[in-house]
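Here are the chains, one letter per residue:
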Amino acid sequence: LKLAIIGQSLFGQEVYSNLRKQGHKVVGVFTVPDKDGKADPLAVAAEKDGTPVFKFTRWRVKGQPIPDVVDAYKSVGAELNVMPFCSQFIPMNVIDHPRHGSIIYHPSILPLHRGASAINWTLIHGDKKAGFSVFWADDGLDTGPILLQRECSVEPNDTVDTLYNRFLFPEGIKAMVEAVQLIADGKAPRNPQTEEGASYEGIQKKSNSRVDWAQPAEAIHNWIRGHDKVPGAWTVIDGQPVTLYGSSMLGGSVPAGQALEIEGASQPGLVTKSGLVLYGTDGNALLVKNLQFEDGKMIPASKYFSSGESSSVELTDDEKKMAEEIKNIWKGILSNVGTIEETTDFFKSGAASMDVVRLVEEVKQKCAGVQLQNEDVYMATTFHDFIQMFVRKLRGEDQEEELVVDYVTRDVNNMTVNMPYQCFIDGKFEDAENGKSYDTVNPTDGSVICKVSYASVADVDRAVAAAKEAFDSGPWGRMNPRDRGSLLYKLADLMEEHQEELATIESIDSGAVYTLALKTHVGMSIQTFRYFAGWCDKIQGKTIPINQARPHRNLTFTKKEPLGVCAIVIPWNYPLMMLAWKSAACLAAGNTLVLKPAQVTPLTALKFAELSVKAGIPKGVINILPGSGGMVGQRLSDHPDIRKLGFTGSTPIGKQIMKSCALSNLKKVSLELGGKSPLIIFSDCDMDKAVRMGMSSVFFNKGENCIAAGRLFVEESIHDEYISRVVEEIKKMKIGDPLDRSTDHGPQNHKAHLDKLLEYCETGVKEGATLVYGGKQVGRQGFFMEPTVFTDVEDHMFIAKEESFGPVMVVSKFKDGDVDGVLQRANDTEYGLASGVFTQDISKAMYVSERLEAGTVFVNTYNKTDVASPFGGFKQSGFGKDLGEDALLEYLKTKAVTVEY
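About the thresholds
Every chain is numbered independently, its residues counted from 1 as its sequence is written. The predicted nature of this model means local features are confined to residues of pLDDT at least 70 and side-chain atom pairs, given and counted, to a pLDDT of 80 or more, with totals for whole chains, interfaces and linings taken over all residues. Calculation of side-chain values draws on the structure's entire complement of heavy atoms; hydrogens and water are dropped beforehand. UniProt positions are given in the numbering used here, feature names are shortened, and annotations may be inferred rather than shown by experiment. What counts as a helix is a DSSP run of H or I of at least four residues, what counts as a strand is a run of E of at least two, and both are numbered from the N terminus. Each domain span listed reflects an automatic or database assignment of domains. Any pair of residues with heavy atoms lying within 4.5 Å of one another is described as a contacting pair. Salt bridges are defined as contacts in which a side-chain nitrogen from Lys or Arg sits within 4 Å of a carboxyl oxygen from Asp or Glu. Side-chain atoms alone can form a polar contact between residues adjacent in sequence; in general such a contact is a pair of N or O atoms within 3.5 Å, and within protein one must be able to donate a hydrogen while the other accepts it. Two strands form a pair only when DSSP identifies at least two bridges running between them. Comment: axis = line fitted to C-alpha atoms, over the contacting stretch for helices; angle = value between 0 and 180 degrees taken between N-to-C directions. Each Phe, Tyr or Trp ring (for Trp, its six-membered ring) is paired with any other whose centre lies within 6.5 Å, and the angle between the two planes then decides the class: stacked below 30 degrees, edge-to-face above 60, tilted in between. When a residue's accessible area, from a 1.4 Å probe over protein chains only, is under 20% of the maximum for its type it is buried; when over 50% it is exposed; and in between it is partly exposed. In this scheme, the term charge over a ring applies when either NZ of a lysine or CZ of an arginine sits within 6 Å of the ring centre and within 35 degrees of the ring normal. Residues form patches when they are more than 30% accessible in relative terms and have no salt bridge. Like charges link within 9 Å. Nonpolar side chains (Val, Leu, Ile, Met, Phe, Trp, Tyr) link within 5 Å. Surface accessibility follows the Shrake-Rupley procedure with a 1.4 Å probe radius. Residue values consider only the protein chains on display as shielding. Note on terminology: disulfide denotes any pair of cysteine sulfur atoms within 2.5 Å. A helix is expected to span 1.5 Å multiplied by its residue count minus one. Here the bend at each residue means the angle between axes fitted to two seven-residue stretches, the one ending at that residue and the one beginning there. Residues belong to a common nonpolar core when they are buried Ala, Val, Leu, Ile, Met, Phe, Trp, Tyr or Cys residues joined through side-chain atoms within 4.5 Å. Just so you know how the angles are binned, under 35 degrees is roughly parallel, over 145 roughly antiparallel, 65 to 115 roughly perpendicular, and the rest oblique. Helix crossings get a hand from a simple test, with the near helix turned counterclockwise from the far one by less than a right angle marking a left-handed crossing and a clockwise turn marking a right-handed one. For this scheme, ten residues count as nonpolar: Ala, Val, Leu, Ile, Met, Phe, Trp, Tyr, Cys and Pro. Four count as charged, namely Asp, Glu, Lys and Arg, and the remainder, Gly too, count as polar. Seen with its strands pointing away from the viewer, a crossover is right-handed if its path from the first strand over the helix to the second goes clockwise.

Before going further, it helps to examine the UniProt feature "domain: Carrier" (unreviewed entry) in the protein. The UniProt entry lists residues 317-394 under the feature "domain: Carrier" (unreviewed entry), expressed in the numbering used here. Between the first and last C-alpha atoms of residues 317-394 the distance is 14 Å; the span itself is 63% helix and 0% strand.

On to unusual backbone geometry. Cis geometry marks the peptide bond from leucine 110 to proline 111, where omega comes out at 15°. Inspection of the secondary structure puts proline 111 in the loop between strand S7 (102-106) and helix H5 (118-124). We note that asparagine 860 has phi near 55°; this positive angle belongs to a residue other than glycine. When you line up the elements, asparagine 860 lands in the loop between strand S37 (856-859) and strand S38 (874-875).

By the assigned domains, the protein splits into domain 1 (2-185), domain 2 (206-306), domain 3 (317-395), domain 4 (412-672) and domain 5 (678-876). For domain 1 versus domain 2, the distance between C-alpha centres works out to 34 Å. Taken residue by residue, the interface counts 13 residues in domain 1 and 14 residues in domain 2. Run the count over domain 1 and domain 2 and you get zero salt bridges. For the interface between domain 1 and domain 2, the tally reads six residue pairs in polar contact (both at pLDDT 80 or more).

Attention shifts here to the sheet that holds strand S8 (residues 129-136). Read across the open sheet, the seven strands follow the order S3-S2-S1-S6-S7-S8-S9; overall the sheet is mixed. Pairing within the sheet leaves two strands with one partner each, and these edge strands are strand S3 (53-55) and strand S9 (146-153). Pairwise comparison of adjacent strand axes, ignoring direction, gives a mean angle of 15° for this sheet. In the sheet, strand S1 (residues 2-6) pairs with strand S2 (residues 25-31) via five bridges, with the strands oriented parallel. Residue pairing for S2: isoleucine 5 is matched across the bridge by valine 29. The sheet strands contacting helix H6 (residues 160-184) are S1, strand S6 (80-83), S7, S8 and S9, and the helix crosses S9 at an angle near 155°.

Tallying each qualifying case throughout the model produces 28 aromatic pairs. Pairing phenylalanine 346 with phenylalanine 347 gives two aromatic rings, centres 5.5 Å apart and planes at 85°, and the pair type is edge-to-face. By relative accessible area, phenylalanine 347 is classed as partly exposed at 24%. Cluster of aromatic residues (ring-pair linked, three or more members): Phe11, Tyr105, Phe132, Tyr164, Phe167 and Phe169. Geometry around tyrosine 891 places lysine 644 over its ring, the cationic atom sitting 3.9 Å from the centre. Its end group placed over the ring of tyrosine 847, arginine 851 keeps NZ or CZ at 3.6 Å from the ring centre.

Across a sheet, paired strands are connected by hydrogen bonds in the backbone, their directions being either parallel or antiparallel. Pairing within the open sheet is antiparallel, and its three strands lie in the order S23-S24-S40. For this open sheet the edge positions go to strand S23 (543-544) and strand S40 (892-900), each flanked by a neighbour on one side alone.

Turning our eyes to something else, we now look at a nonpolar patch on the surface. On the surface, Leu555, Val899 and Tyr901 cluster together into a nonpolar patch covering about 280 Å² of accessible area. The topology assignment puts leucine 555 in strand S24 (residues 554-562).

Moving on, we get to the state of the cysteines. Going through the model one piece at a time under the given rule, you end up with zero disulfides. Here cysteine 450 is not cross-linked by a disulfide; its sulfur's nearest cysteine counterpart is in cysteine 423, at 13 Å. Since its relative accessible area comes to 5%, cysteine 450 is described here as buried.

The final tally for this structure, using the stated rule, is 42 salt bridges. Among the ionic pairs, lysine 55 bridges to aspartate 34, the shortest N-O distance being 2.7 Å. Linking lysine 55 in strand S3 with aspartate 34 in the loop between S2 and helix H2 (41-49), this pair joins segments that are 21 residues apart in sequence. Note on lysine 55: relative accessible area 29%, which makes it partly exposed. With a relative accessible area of 39%, aspartate 34 lands in the partly exposed category. Each of the salt bridges in this network shares a partner with another, and the network as a whole consists of Glu430, Glu433, Asp459 and Arg462.

The next point concerns helix H16 (residues 514-533). If you check H16, its first and last C-alpha atoms are 27 Å apart, about what 20 residues at 1.5 Å a residue would give, namely 28 Å. Its axis deflected by about 35° at glycine 523, H16 carries its strongest bend there. Counting buried positions along H16 yields 14 of 20 residues, so the element is predominantly enclosed.

Glancing now at the nonpolar core. Met495, Phe529, Ile681, Leu712, Tyr722 and Met809 are the most contacted members of the largest nonpolar core, which totals 109 residues. With eleven residues, helix H17 (residues 575-588) is the single largest residue contributor to this core. Two domains each provide a minimum of three residues to this core, namely domain 4 (412-672) and domain 5 (678-876). With 37 residues, the next largest nonpolar core counts Ala130, Phe132, Val154 and Ile183 among its residues.

Bringing the packing of helix H15 (residues 499-510) against H16 into the picture now. One can describe the packing of H15 onto H16 by two numbers: an axis separation of 9 Å at closest approach and a directional angle of 120°. The pairing of H15 with H16 is recorded here as oblique in orientation. Considering the relative orientation of H15 and H16, their crossing is right-handed. Of the residues in H16, those touching H15 at Gln499, Glu500, Leu502, Ala503, Thr504, Glu506, Ser507 and Ser510 are Tyr514, Ala517, Leu518, His521, Val522, Gly523 and Ile526. Of the residues contributing to the contact of H15 with H16, the split by class is seven nonpolar, six polar and two charged.

Turning our eyes to something else, we now look at the environment of lysine 875. Mapped onto the fold, lysine 875 is located in strand S38. For lysine 875, the residues in contact, after removing those within four places along its chain, are Asn827, Thr829, Glu830, Tyr831, Gly832 and Glu853. Reaching out from lysine 875, the side chain makes a polar contact with the side chain of glutamate 853 at a distance of 3.1 Å.

Counting buried residues in strand S28 (residues 644-648) gives five out of five residues, a clear majority hidden from the surface. Along S28, one buried face is formed by Lys644, Gly646 and Thr648 and the opposite face, lined by Leu645 and Phe647, is buried too. Pairing between strand S25 (residues 565-569) and S28: four bridges, direction parallel. Pairing of valine 569 across the sheet is with phenylalanine 647, part of S28. As paired elements, S28 and strand S29 (residues 668-672) share five bridges and run parallel to each other. Note on S29: the bridge partner recorded for threonine 648 is glutamate 672. Taken together, S28, helix H20 (residues 651-665) and S29 form a β-α-β motif whose crossover is right-handed.

Shown next, in the form of structure tokens:
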């Protein structure tokens with residue numbers, strides 16, 4: 001189609017560019033005149049392409065079309081007017097002139113919120129859905145027939161900016177292009193708008209955006225976020241107007257702070273470390289992050305009572321050179337300003353929000369590594385203040401504030417444990433953006449330990465952005481590998497200092513027996529970080545001899561480089577240890593990470609996040625997001641900025657993750673999945689050891705163990721004695737409170753898993769296996785399962801093929817001397833994680849270990865893992881390795897460099 005684009009802004013530019021890519025011919029662009037010597041982005045793009053550009057101040061005078069303007073428009077011969085964002089009134093003889101008429105983009109789900117401030121009113125009214133409409137223009141105000149509409153959910157803390165940037169801008173561009181194509185194909189509908197539920201609201205200006213405090217907190221929050229950043233909701237503090245930005249509903253207890261009188265408010269506000277707490281008439285609270293004064297200066301709300309301005313820093317010669325380069329950037333943006341003075345104000349000189357983005361990105365490009373955010377520009381609006389802020393950041397004097405942690409505290413296990421419960425993003429603990437939370441439960445008695453933030457997709461995006469920024473521009477990416485190792489050693493030391501607290505949290509959150517948690521869950525986690533800390537400065541490439549291209553000579557060498565942002569998704573059976581196995585190698589390789597702990601066991605991961613800050617790990621390097629796999633895990637799999645995903649969990653979920661990773665951006669994947677590990681016990685074994693280790697292979701950590709022996713094959717001549725001795729030992733096991741030092745067997749991790757185990761045992765009985773012991777829930781409070789033994793298990797049975805992931809010993813006989821027969825049965829599974837053999841015949845042991853199809857083979861032992869030994873499975877138990885040098889390779893890429901000299 002021949003198109004006329006009528007509009008302005010970056011949105012108009014993107015629609016214009018995408019329509020041209022689609023093959024449509026733009027015969028004219030009609031936009032606004034230059035402002036302060038700067039052309040609109042749409043005009044800039046069109047002029048660059050050689051498209052005719054018309055810049056009209058207006059199209060009408062006193063309601064009548066201007067003939068010269070209309071004639072200029074008609075001269076281009078457009079077949080369709082496309083109006084992506086237009087602030088001018090267009091005459092009807094222009095609207096109706098093309099063969100196909102005119103289509104307009106409007107950022108609301110019409111007929112709701114007709115008018116020029118639709119996004120603002122969507123938020124002000126607290127709508128649960130937002131969206132946009134592409135409609136056919138008529139002589140009414142946003143009343144024409146609908147061509148297409150799209151909608152999205154409104155998150156509780158969305159602002160005009162976040163809603164626009166997340167959905168209305170990117171999806172709106174796609175929709176405008178789609179709408180034009182529908183018209184070109186003759187398939188565009190014209191659905192009349194209903195007047196039922198229609199609304200029209202006026203333009204929101206600064207003059208009418210003052211906060212009315214005689215409302216509930218949520219209504220005040222909606223008002224503030226509905227005006228953030230434009231035009232800005234304001235109130236009066238200490239006799240002067242102050243604009244409020246960054247509002248969120250405050251959940252939980254109100255932090256301590258200093259009272260601040262707010263004119264017209266039902267009660268004073270509170271300046272806290274987190275920001276300014278404000279109250280509605282219902283007594284509920286909201287939190288405001290930033291304040292802006294009449295002179296344009298913006299400050300963190302937490303700094304309201306800070307005394308005076310910091311003294312100016314003296315610039316070094318190198319810093320003066322950088323200041324001159326930055327001055328040139330200012331000149332390029334503020335082209336209407338003759339000279340950039342110390343007092344030149346960025347915004348008073350005509351800069352807009354897009355100029356802020358440009359300034360930040362140009363400065364970061366010029367001065368790699370400096371941590372600069374859009375908010376920094378709003379808080380340092382004059383050139384002098386901007387340079388002072390920049391130099392302080394460059395010198396590292398812009399120190400991070402002390403970590404604020406809103407703990408849940410419990411007196412348990414003869415100690416007080418302090419447990420963070422919020423998302424950990426970019427070095428800070430904060431509530432989920434949608435304000436949601438969920439209960440994490442103590443499996444010992446079913447009681448709620450605390451509420452934990454329930455991360456949203458928006459939280460994932462923020463965490464990934466923080467991790468990407470930390471990798472691309474932060475100190476982590478520039479750090480000497482040996483210094484990186486020192487930080488990981490320090491983190492291991494802090495974990496050791498807090499070992500008892502971590503073990504206690506692990507015990508109450510996962511049901512792990514405290515003594516096991518102390519030694520394995522936490523103890524091995526510490527060992528893992530120390531092991532990989534030592535690897536940081538030993539990651540090496542190699543030189544490779546290649547054919548010389550005479551008369552020149554060549555040098556080829558390889559480099560091992562980090563991948564970038566990595567996602568890690570861990571299970572609930574060893575919450576801290578699984579975190580350590582993956583994240584220690586990931587960090588040692590120089591990556592940054594976003595980690596999702598299991599929804600039912602998030603607490604040690606969040607405590608780990610706190611310790612990482614104390615160790616000095618820079619912000620953004622580690623991000624922890626509690627929440628659901630279906631939401632957080634899926635978004636991590638799909639996210640285009642993540643370069644690697646490491647997952648431990650079930651095989652079906654692993655397959656889904658692998659598919660999503662492939663379809664998104666072909667990100668690297670390592671998977672440690674389900675198992676049905678065979679343990680073969682020959683008659684020439686050390687019986688005492690085989691009984692002891694055989695029980696450990698099944699009942700260790702309540703059977704919630706990825707490498708647990710899912711099936712025991714016992715040679716016929718010792719079968720009955722072996723079973724008798726196992727049952728005898730089970731009867732001696734103490735089942736009870738995991739914090740009791742004498743307890744052998746604690747509760748299963750959560751109620752749904754206990755129910756699944758009971759169903760598993762019922763299936764075994766129904767299929768004809770002999771239930772020798774257990775199979776029932778223990779008659780006490782909590783999620784306790786009896787250690788269970790099945791015999792006479794045939795190869796076709798469900799319990800012979802499927803993993804229980806619980807304290808269920810599944811035993812089958814094999815004929816005396818039938819080594820190859822039992823090997824065939826042991827390998828007759830789609831899994832291949834681990835395996836074991838007990839025999840005192842070393843030749844037999846070696847023969848069997850060579851033929852077992854599993855990533856790990858234990859001989860006359862079991863569960864013997866070590867931080868230096870690679871761990872991972874074959875077949876549908878996954879691929880990739882944790883632990884050992886092999887694990888580092890999962891988080892590195894190899895670059896080959898060839899030099900001719």
